[in-house]
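Listed below, chain by chain, are the residues.
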Amino acid sequence: MSSLFDLPFEDEPLDPEVLQPLDAPDDGRAEPVVAQGSFGLSPGRRSLGEGGQPGDTTPDVAVDLQVDGQRRASSTPTYPMTSPTAPPAEARSVASPAPPSRAERQRPRVYSVSELTNAVRNAIEQEFRTIWVEGEVADCSDKGGHVYFTLKDQGARLSAVLWRTDALRLRFKLTTGLQVIVKGRLSVYVPSGKYQLYAESIEPRGAGALQLAYEQLRRRLQAEGLFAPGRKRPLPMLPRRIGIVTSLEGAAIKDIVRVLRTRRAPSEIVISPTRVQGEGAAAEIARAIARLARVPNVDVIIVGRGGGSLEDLWAFNEEVVARAIAACPVPVIAAIGHETDTTIADHVADVRAATPSQGAEIVVRQASEFRDRIANARRQMALLLRSRLDRQRTGLMRVEQRPAFARYRDRLLDRDRERADLHERLTAALRTRVQDGRRVLRDVAARLDEQHPQRQLTSRLRRLAQIDDRLAAAMRTRQADARNHLQVHRDRLARVGLDASVAQSCRRVDAQLVRARQAVEGRWHRTDRQLTTLAGQLHALSPLATLGRGYAICWNTDRTAVVRSVTAVAAGDRVDVQLPDGSLHCAVQAVDAADPTSRP
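Analysis parameters
- Residues numbered from 1 in each chain as written.
- Predicted model: local features only at pLDDT ≥ 70, side-chain atom pairs only at ≥ 80, totals over all residues.
- Heavy atoms only, no water.
- Helix = DSSP H or I, 4+ residues; strand = E, 2+ residues; numbered from the N terminus.
- Buried < 20%, exposed > 50% of the residue type's maximum accessible area, 1.4 Å probe, protein only.
- Contact = heavy atoms within 4.5 Å.
- Areas by Shrake-Rupley, 256 points an atom, 1.4 Å probe, with all protein chains shown as cover.
- Axes fitted to C-alpha atoms, helices over the stretch in contact; angles between N-to-C directions.
- Parallel < 35°, antiparallel > 145°, perpendicular 65-115°, else oblique.
- Left-handed = near helix turned anticlockwise from the far one by under 90°.
- Core = buried A, V, L, I, M, F, W, Y, C linked by side-chain atoms within 4.5 Å.
- Domains from an automatic or database assignment.
- Pairing = 2+ DSSP bridges.
- Nonpolar A, V, L, I, M, F, W, Y, C, P; charged D, E, K, R; others polar.
- Expected span 1.5 Å × (residues − 1).
- Arc of directions from axis to C-beta.
- Right-handed = clockwise from strand over helix to strand, strands pointing away.
- Salt bridge = Lys/Arg side-chain N within 4 Å of Asp/Glu carboxyl O.
- pLDDT = per-residue confidence, 0-100.
- 1 Å grid on protein atoms, 1.4 Å probe; cavity = no way out; pocket = protein on both sides within 12 Å on 5 of 7 lines; lining within 4 Å.
- Points joined across faces, edges and corners; volume = space filled by probe spheres on them.

The subject of this paragraph is the overall build of the protein. Within the protein, the secondary structure is distributed over 14 helices and 16 strands. Expressed as a percentage of the 600 residues in the protein, the buried residues total 28%. Within the protein, counting contacts between residues at least 6 apart in sequence, those at least 24 apart form 62% of the total. Entry remark: accessible area of the protein is about 40,500 Å², with carbon and sulfur atoms responsible for 55%.

Right, dumping it as structure tokens:
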């Protein structure tokens, strides 16, 4: 058995992709077998060789185990091997194979690499179906949910893999440096010929898995600041509604409700039931907290349950519950277990209570203290008012005893009689004023009734109907008169001869149109000739035409006056000379006055 492990294995960690088995499922399981004895390789024969070609002989590889004192042959697959001395296929199909010769029996068995590797793998899997290995985790990596790591001690290293389905069940994070005990099965990865451990469960050495997971999560959340005292919120003094997250079947809900009723909490109680232990309880607790946070007027939430073991309280150590408490918009009281039980939820919550009953006491304690403060204030106010009244009464008695106030009661009675007289007079005047107002109101109501829009509309409709009738009668009369007048004109036109009159009128109109057209054409020609004549005269008189004949106009510098004489300028002045196609800006260098008697 020890010879199977003399193969040259490498000490370096394997690549996670190389660790993937070719024929082993991710969630394969094997029952542990306690085996005693030895196992070895024994040759056998079968009728067909590799590829099923005739003429091949194949030795079979079998593993014999001594299990519970009995010898059993394992169901190890056979692996073909070619031989040059195989008989023909026809002979094998008719008769049994001939026994090997002495030379063949003395020839050493030759294995291929695949045959030997598969044989070693089957032997290892048969012998080490379920094993426990202790070592230190090294080279731990997570790829696609699968965890690849190496177990090592002072003398050796063993590659291992934990598939995703098994990794999800781990309660702690596997990191490099942990001392763990791994349960799994041993096998050989055939393509690389290296053996590795397929882990099924992992337990930390020393501290338990739950305790390690608790410490890891506590340190991570503490580093994020979820335990900081600065984020703890004060509890409301008079909560309008108190939310409770717990199980309806446990004793915690009974204790909380009993305390709230005994202390006469002036608040409504809203319960969000949930499971508080077991698989999936943490997610239900987080959802229950979120549901209560959405209920209007819930000012404080108590998250609680009774005592139990670490496994029973583990739902309150889950990260999802801690995140839900931290994200809750209202203060949260963690009342979980007993005084000695401390969970992650206790650290994240705004207030920690030792028991569910104490959690309820903390909520109502604020209201009790507030009621006590109100009662004390009421007593103090009554004492102050009583003392104030006593002092005022004593002062009034002193004032009454003074001589100036000896007959103040008689004067008060006189004032009272005057007040009564004025009251009667005022009442009579008001009664008279009210009666006058009512009379005026009745008159105004009568006038308004007459001017009511409904009455006005009815009257106007009546008048409109009368006008409509009169208009219809007048239209009928007018139409009759118009028909009579039209008939008279028709008769008159019939006697005169309408067609002849129309033809004569058309001839007159055509003649007038001809004369008008001739007159307009003649007038247009005369006007055109006049316009042509005026245009020629205007062109002859235009300065531009004069300039076109070689003349120029001399302006002063600001072009406000024409220079008509040399006396208007002096040497050094600037002038503008306008030509037909532009202007010249010139400077006068000298002025020569012409002799009036001379001629050019």
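Further remarks concern the packing of helix H6 (residues 251-262) against helix H10 (residues 356-400). Look at H6 against H10: their axes get within 8 Å of each other, and the N-to-C directions meet at 30°. Taken together, H6 and H10 sit at an angle that is classed as roughly parallel. Crossing angle aside, the handedness with which H6 passes H10 is right-handed. On H10, the residues that touch Ala252, Asp255, Ile256, Arg258, Val259 and Leu260 of H6 are Pro356, Ser357, Ala360, Glu361 and Val364.

In this structure, Phe149, Leu151, Leu174 and Leu197 are the most contacted members of the largest nonpolar core, which totals 57 residues. A per-element tally of this core places helix H7 (residues 281-294) first, with seven residues. Looking at this core, you find at least three residues from each of domain 1 (113-204) and domain 2 (227-373). Counting 17 residues, the second-largest nonpolar core is a separate cluster that includes Ile333, Ala360, Val363 and Val364.

What follows concerns the sheet that holds strand S6 (residues 157-162). The strands making up a sheet associate through backbone hydrogen bonding, with each pair oriented either parallel or antiparallel. On the basis of which strands lie adjacent, the closed barrel formed by five strands has the order S4-S5-S6-S8-S7 and mixed pairing. When the angles between neighbouring strand axes are averaged without regard to direction, this sheet yields 50°. Of the strand pairs in this sheet, strand S5 (residues 146-152) and S6 are connected by six bridges, and their pairing is antiparallel. Each bridged residue has a counterpart across the sheet, and for Phe149 the counterpart in S6 is Ala160.

For the rest of this paragraph, the subject is the packing of H7 against helix H8 (residues 319-327). The N-to-C vectors of H7 and H8 enclose an angle of 10°; their axes lie 8 Å apart at closest approach. As the angle between them shows, H7 and H8 are arranged roughly parallel. Here H7 contributes Ala282, Ala283, Ile285, Ala286 and Ile289 to the contact with H8, which in turn contributes Val320, Val321, Ala324 and Ile325. Residues of the contact of H7 with H8, tallied by class, amount to nine nonpolar, no polar and no charged.

It is worth spelling out H6 at this point. In a regular helix each residue adds 1.5 Å, so twelve residues correspond to 16 Å; H6 covers 16 Å between its end C-alpha atoms and thus fits that length. Turning to H6, its buried residues are Ala252, Ile253, Ile256, Val257, Val259 and Leu260. When H6 is viewed along its axis, its buried side chains cluster within an angular range of 160° and face the same direction. What points out from H6, more than 90 degrees from its buried face, is the exposed set Lys254, Arg261 and Thr262. Summarising the contacts, the buried residues of H6 are in contact with strand S9 (241-246), strand S10 (268-273), strand S11 (298-305) and H10.

Structurally, Leu584 can be placed in strand S16 (residues 582-587). Sequence separation between Leu584 and Cys554 is 30 residues; the distance between their C-alpha atoms is 9.3 Å. If we skip the residues at most four places from it in the chain, Leu584 touches Val575, Asp576, Val577 and Leu579.

Let us now look at the sheet that holds strand S15 (residues 574-579). The strand order S14-S15-S16 describes an open sheet built from three strands, whose pairing is antiparallel. Both outer strands of the open sheet, strand S14 (553-555) and S16, are each paired with one neighbouring strand and no more. Sheet twist, expressed as the mean angle between neighbouring strand axes with direction ignored, is 25°. The pairing of S15 with S16 spans six bridges and is classified as antiparallel. The residue bridging Asp576 from the neighbouring strand is His585, located in S16.

Here we take up unusual backbone geometry. The backbone phi angle of Asn297 is positive, close to 65°, even though this residue is not glycine. Mapped onto the secondary structure, Asn297 falls in the loop between H7 and S11. Overall, the relative accessible area of 37% leaves Asn297 in the partly exposed class. A positive phi angle, close to 55°, is found at Arg559, a residue other than glycine.

Counting buried residues along S11, eight of its eight residues qualify, which places the element largely inside the surrounding structure. Strand direction decides the pairing type here: S9 and S11, joined by five bridges, are parallel. Bridged to Ile244 within S11 is Ile302. Across five bridges, S11 lies against strand S12 (residues 332-336) in parallel orientation. Opposite Gly304, over in S12, you have Ala335 as the bridge partner. As for the winding sense of the linkage, the β-α-β connection from S11 through H8 to S12 is right-handed.

This model, assessed by the stated rule, comprises 16 salt bridges. Residue Arg415 is joined to Glu418 by a salt bridge in which the shortest nitrogen-to-oxygen separation is 3.8 Å. Of this pair, Arg415 and Glu418 both sit in helix H11 (residues 408-450), separated by three residues, roughly a single helical turn. Overall, the relative accessible area of 45% leaves Glu418 in the partly exposed class.

On to the confidence of the model for the protein, then. Summing up the model confidence of the protein, the mean pLDDT is 76 and the portion of residues at 70 or higher is 79%. The low-confidence segment residues 1-95, where pLDDT is below 50, has 171 contacts with residues more than four positions distant or belonging to other chains.

Let's shift gears to the layout of surface pockets. Taken as a whole, the largest pocket encloses approximately 1,100 Å³ of empty space. What lines the largest pocket is a set of 41 residues, among which Leu168, Arg169, Leu170, Arg171 and Phe172 lie closest to the centre. Mapped onto the lining of the largest pocket, the elements with two or more residues apiece are strand S4 (131-143), helix H4 (164-167), strand S8 (194-204), helix H5 (209-224) and H7. Per-element tally for the lining of the largest pocket: the top contributor is H5, with eight residues. Among the residues forming the lining of the largest pocket, the class breakdown is 19 nonpolar, eight polar and 14 charged.

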